[in-house]
Amino acid sequence: MLFPTLAFGVFFLFVYFTAWSLDRENGRRKLFLLLASWVFYAQWDWRFVGLLIASAVLNWGVAAVIARADQAGRRKLWVGLGVAANLLILGVFKYYGFFVEQAGELLARVGWERDLPLLEIVLPVGISFFTFQGISYVVDVYRGRTPPAKSLLDVMLLMSFFPHLVAGPIVRASDLLPQFDRVPRLTREMAAHGFLLIGWGLFKKTVIASELSVRLVDPVFFDPSAYGALDLTAAVYAYAVQIYCDFSAYSDMAIGTAALLGYSFPRNFDQPYRAKSMQDFWRRWHISLSSWLRDYLYVPLGGGRKGLVRSCLNVFITMLLGGLWHGAAWTFVAWGALHGGVQVIERLGRAAFGDRKVIPTWIGVIVTFHIVCLGWILFRSESFPMAMEVLAGLGRFEAATMVTPFLLTLIVGGLLMHWLPPRAVEGIATWLKPAPSLTMGLLVGAALLLVEAVRPDGVAPFIYFQF
Amino acid sequence: MTDRPDDPDTPLAPFPTALPQSPFPPLDGETAPYLEQQEIEAPPAEAVVAEEVGDWIETADAHDLPTAPEPVPANPLLALGRFAFPPGEPPDEEGLAARDRRWTSRVIVVATVFLLIFNIASVQNWTRQQAPGWVTTTVDRLAEVWSEQMASLGADRPRETVREGYERAREARWSASPLAGEGGPEGRMSGTETQTR
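Residues numbered from 1 in each chain as written. Chains lettered and ligands numbered in written order. Predicted model: local features only at pLDDT ≥ 70, side-chain atom pairs only at ≥ 80, totals over all residues.

- Looking at an unreviewed UniProt entry, one finds chain A named Probable alginate O-acetylase AlgI and attributed to Brevundimonas subvibrioides.
- Entered under Subcellular location (unreviewed entry) in the UniProt record, the comment concerning chain A runs "Cell membrane".
- Turning to chain A, the UniProt annotation filed under Sequence similarities (unreviewed entry) states: "Belongs to the membrane-bound acyltransferase family." (UniProt positions renumbered as here; feature names shortened; annotations may be inferred.)

Comments concerning the overall build of chain B
Inference 1: For chain B, the helix and strand inventory stands at seven helices and zero strands.
Inference 2: What you see in chain B, going N to C, is helices and strands ordered as α-α-α-α-α-α-α.
Inference 3: Looking at chain B residue by residue over its 197 residues, the buried ones come to 9%.
Inference 4: Within chain B, contacts between residues at least 6 apart in sequence are counted, and of these 40% link residues at least 24 apart. (Helix = DSSP H or I, 4+ residues; strand = E, 2+ residues; numbered from the N terminus. Buried ≥ 20, exposed ≤ 12 C-beta atoms within 10 Å, placed from the backbone. Contact = placed C-beta atoms within 7 Å.)

Topic: the overall build of chain A
Inference 1: Within chain A, the regular secondary structure consists of 19 helices and zero strands.
Inference 2: Taken over the C-alpha trace, chain A has a radius of gyration of 23 Å; the compact-globule value for 467 residues is 23 Å, and the two agree within 12%.
Inference 3: By principal-axis analysis of the C-alpha atoms, chain A measures approximately 65 × 60 × 55 Å.
Inference 4: Expressed as a percentage of the 467 residues in chain A, the buried residues total 47%.
Inference 5: For chain A, restricting intrachain contacts to residue pairs at least 6 apart in sequence, the fraction spanning at least 24 positions comes to 76%. (Rg over C-alpha atoms; globule rule 2.2 N^0.38 Å.)

Some points on the UniProt feature "transmembrane region" (unreviewed entry) in chain A
Residue and element names in this part refer to chain A.
Inference 1: Following the UniProt record, the feature "transmembrane region" (unreviewed entry) maps to residues 45–66, 78–98, 118–139, 151–170, 315–338, 358–379, 399–419 and 431–451 here.
Inference 2: When the span residues 78–98 is considered, its composition is 100% helix and 0% strand, and the gap between its end C-alpha atoms is 29 Å.
Inference 3: Helix makes up 81% of residues 431–451 and strand 0%, with an end-to-end C-alpha separation of 22 Å.

Some thoughts on the UniProt feature "transmembrane region" (unreviewed entry) in chain B
Inference 1: Mapped onto this numbering, the UniProt entry gives "transmembrane region" (unreviewed entry) at residues 107–126 of chain B.
Inference 2: Secondary structure within residues 107–126 of chain B divides into 95% helix and 0% strand; the distance between the first and last C-alpha atoms comes to 24 Å.

Looking at the domain arrangement of chain A
All names here are of chain A.
Inference 1: When cut into domains, chain A gives domain 1 (19–103 + 113–184) and domain 2 (189–458).
Inference 2: Using only C-alpha atoms to locate each centre, domain 1 and domain 2 end up separated by 26 Å.
Inference 3: Facing 21 residues of domain 1, the contacting portion of domain 2 comprises 18 residues.
Inference 4: Elements supplying a minimum of two residues to the side of domain 1 that touches domain 2: helix H4 (72–109), helix H5 (127–143), helix H7 (162–165) and helix H8 (173–176).
Inference 5: A class-by-class count of the residues in the side of domain 1 that touches domain 2 yields 13 nonpolar, six polar and two charged. (Domains from an automatic or database assignment. Nonpolar A, V, L, I, M, F, W, Y, C, P; charged D, E, K, R; others polar.)

Quick notes on the packing of helix H14 (residues 330–353) of chain A against helix H15 (residues 361–380) of chain A
Residue and element names in this part refer to chain A.
Inference 1: Where H14 contacts H15, the axes come no closer than 8 Å and their chain directions differ by 165°. Here H14 is positioned roughly antiparallel relative to H15, judged by the angle of their axes. For the crossing formed where H14 meets H15, the hand is right-handed. Across the interface between the two elements, Thr-331, Phe-332, Ala-334, Trp-335, Leu-338, His-339 and Val-342 of H14 pack against Ile-371, Leu-374, Gly-375, Leu-378 and Phe-379 of H15.
Inference 2: Taken together, the residues that form the contact of H14 with H15 break down as nine nonpolar, three polar and no charged. (Axes fitted to C-alpha atoms, helices over the stretch in contact; angles between N-to-C directions. Parallel < 35°, antiparallel > 145°, perpendicular 65-115°, else oblique. Left-handed = near helix turned anticlockwise from the far one by under 90°.)

A few points about the packing of helix H3 (residues 47–68) of chain A against H5(A)
Residue and element names in this part refer to chain A.
Inference 1: Packing of H3 against H5 brings their axes to within 9 Å, and their N-to-C directions diverge by 10°. With respect to each other, H3 and H5 are oriented roughly parallel. Across the interface between the two elements, Leu-52, Ser-55, Asn-59, Val-62, Ala-63, Ile-66 and Ala-67 from H3 touch Phe-130, Thr-131, Gly-134, Tyr-137, Val-138, Val-141 and Tyr-142 from H5.
Inference 2: For the contact of H3 with H5, the per-class residue count stands at ten nonpolar, four polar and no charged.

Considerations on the nonpolar core
All names here are of chain A.
Inference 1: One finds Ala-235 and Ala-238 to be the most contacted residues of the largest nonpolar core, which totals 138 residues.
Inference 2: Top element by residues in this core is helix H10 (residues 229–260). It accounts for 21 residues.
Inference 3: In this structure, this core is formed jointly by two domains, domain 1 (19–103 + 113–184) and domain 2 (189–458), each of which donates at least three residues.
Inference 4: Once you skip the residues sitting within four places of it in the chain, Ala-238 turns out to touch Leu-212, Leu-216, Val-217, Leu-407 and Ile-411. (Core = buried A, V, L, I, M, F, W, Y, C linked by C-beta atoms within 7 Å.)

Some remarks on the environment of Leu324(A)
Residues and elements named next belong to chain A.
Inference 1: Relative to the assigned elements, Leu-324 resides in helix H13 (residues 308–326).
Inference 2: Spatially, the C-alpha atom of Leu-324 lies 33 Å from that of Gly-194, the residues being 130 residues apart in sequence.
Inference 3: Leave out the neighbours within four places in its chain, and Leu-324 touches Phe-332, Val-333 and Gly-336.

Observations regarding helix H17 (residues 405–416) of chain A
Residues and elements named next belong to chain A.
Inference 1: With twelve residues, H17 should reach 16 Å at 1.5 Å per residue; the first-to-last C-alpha distance of 16 Å fits that figure.
Inference 2: Among the residues of H17, Leu-407, Leu-410, Ile-411 and Gly-414 are the ones counted as buried. One side of H17 carries all its buried residues, which in axial view fall inside an arc of 95°. Of the exposed residues in H17, those oriented more than 90 degrees away from the buried face are Val-412, Gly-413 and Leu-416. (Expected span 1.5 Å × (residues − 1). Arc of directions from axis to C-beta.)

Side note on the interface of chain B and chain A
Inference 1: Counting from both sides, the interface comprises 42 residues of chain B and, opposite them, 43 residues of chain A.
Inference 2: Counting only elements with at least two residues in the side of chain B that touches chain A, the list comes to helix H4 (93–118), helix H5 (120–129) and helix H7 (157–171) of chain B.
Inference 3: No other element matches H4(B), which puts 14 residues into the side of chain B that touches chain A.
Inference 4: Class assignment of the residues belonging to the side of chain B that touches chain A gives a composition of 22 nonpolar, ten polar and ten charged.

A closer look at the confidence of the model for chain B
All names here are of chain B.
Inference 1: Overall, the prediction assigns chain B a mean pLDDT of 70, with 54% of residues at 70 or greater.
Inference 2: Of all secondary-structure elements in chain B, the lowest mean pLDDT belongs to helix H1 (residues 36–41), at 48, while H4 reaches the highest, 91.
Inference 3: Contacts of residues 11–16 to residues separated by more than four positions or lying in other chains number one contact, the stretch itself having pLDDT below 50.
Inference 4: Predicted confidence is poor over residues 180–197, with pLDDT under 50, and the contacts of this stretch with residues over four places away or in other chains come to 42 contacts. (pLDDT = per-residue confidence, 0-100.)

Here's the deal with the environment of Ile363(A)
Inference 1: Along the chain, Ile363(A) turns up in helix H15.
Inference 2: In the structure, Ile363(A) is positioned 87 residues away from Lys276(A) in sequence and 7.9 Å away in space, judged by C-alpha atoms.

A look at H14(A)
Three or four residues apart is the spacing at which side chains of an α-helix point the same way, because the helix has 3.6 residues per turn.
All names here are of chain A.
Inference 1: Under the 1.5 Å per step criterion, the end-to-end length of H14 is 34 Å for 24 residues, consistent within 8% with the ideal 34 Å.
Inference 2: Of the residues making up H14, those classed as buried are Thr-331, Trp-335, Gly-336, Leu-338, His-339, Gly-340, Val-342, Gln-343 and Val-344.
Inference 3: Where H14 is buried, its residues contact helix H11 (278–282), H13, H15 and helix H16 (384–393).
Inference 4: Positive phi shows up at Gly-354, right after H14, with a value of about 70°.

Put into structure tokens, the structure is as follows:
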């Protein structure tokens, strides 16, 4: 059940009115939201609802044991076991095939060819997200950053809550568990913000991302050798806009949907293409993942506390594993290595020049954006040879055949939206808040009508669903 | 007469004989003026402030002077309404929350009704893309009847107008483009997996 579908609209209306009709009893309300979340998840594959429940029970149990353990050694042992169990689930479902295939190739190269047990394992949607959420809960309880949940129901809802379940944002226990303690308060500001985010997200996904994907990116990346530099360049820029509009749209709609149910999610994007360095980019792109990687990978590795060389190594390893998190393929590892490598260069540059401004901001923005685009070529390509074909084609000058004025407008518009005022949606929500419900309802209806009128029939799944 | 020996015999009145206390500290070496003693005896600041200030200022224009606000005539209907239906107690926290929830629910209902009137075509599109079943068949028939009714009222025009304008913009080509007039890049497109909405 995708967000921009009629089925989800009907589902959400039912959930909204039922949840608020249960506002006198928080426990029943949470139970209803949990059941609704399972129904939502079961639309993809009902069998994996069991996995979701098992994962929640595992993390709830481990956190409860950690909270009751007196000795530091035992607490450490349990947190290690909890993290390992979560990684095992992720590894089996997401990386088993990849690692077995790589091991088979390695053995064949050294002359020990074996038939390794390859299994066709279906990847549960959103497994990377709910597994990371489980790890963060267990580690936060271990570190004392968050108390253990008061009930199993809370942990289950934390991990299964449908707005963030399949593609984030990765909401930490410390953010969401306190909100589960009582029936949330829905303010007009939250509601106005939610309506705007849902409308804006629908537009970004169903109009910008879908049009660019179907009319430019997919055809060009399907056979890059058939196109010249202009088409390929446009396709790469278009993919940069597409992936931003696709993923940020999902986050916007998730945040908006949760807001209408009274819950507040953290911000996940902050105009990433206006970043002036790669470090800045990761403070603006998929913020819930980058902060997760910082807190649960970079800092435990030593962070920046052990000298320049070690901090460079740590950031490189973090980005490399961040790349692998996105998918079980070497192109994703290379994408992570590119981002890590550039961040290492930036760190060395800062160590050499200090805080002196060596290059102007606008040059930094342009250079960072193009490095990010280079990374998107690896990210979008199904294999290294295809990525190489795209890169080689960038030097082959031929007339553009794919780029129309409409597509160019979408690309330019998708980039220019990064230069809107940083909190434009919040500002408009505050401005609209005092409007009467009839006016607001007509505005929301008209905005949705506009999007519905122009969107193409059908909607492709969100890119980040595969992760 | 004054208390100072060097004061003139003629009283200085009607000029002021007491200066209000300066809000600023004295400068280095500055001695208190001859009215030092009187300053101590000066009336308290409130009394000075309370004195009626004359409205005659040489440099002032008459238009600068403050005027009393015009009394707002009471609206008799409003007064009657307040008498008949006195305003209730301001809502408490729970009341405010309930009011905001009602506002949100009304927005959702209005938007849904608006879309059912002006965007029923989306429901038809959706039902046609679903696997046949009693739910989709029933919804499709209902949507068809409703759509005809709305079309007879012209409620489908806004959507169609926007759609037509959008299609024209989408099909526009550069004048020198080899694809101008050939139906656009779709001919070179590969199929893309889409999930029906």
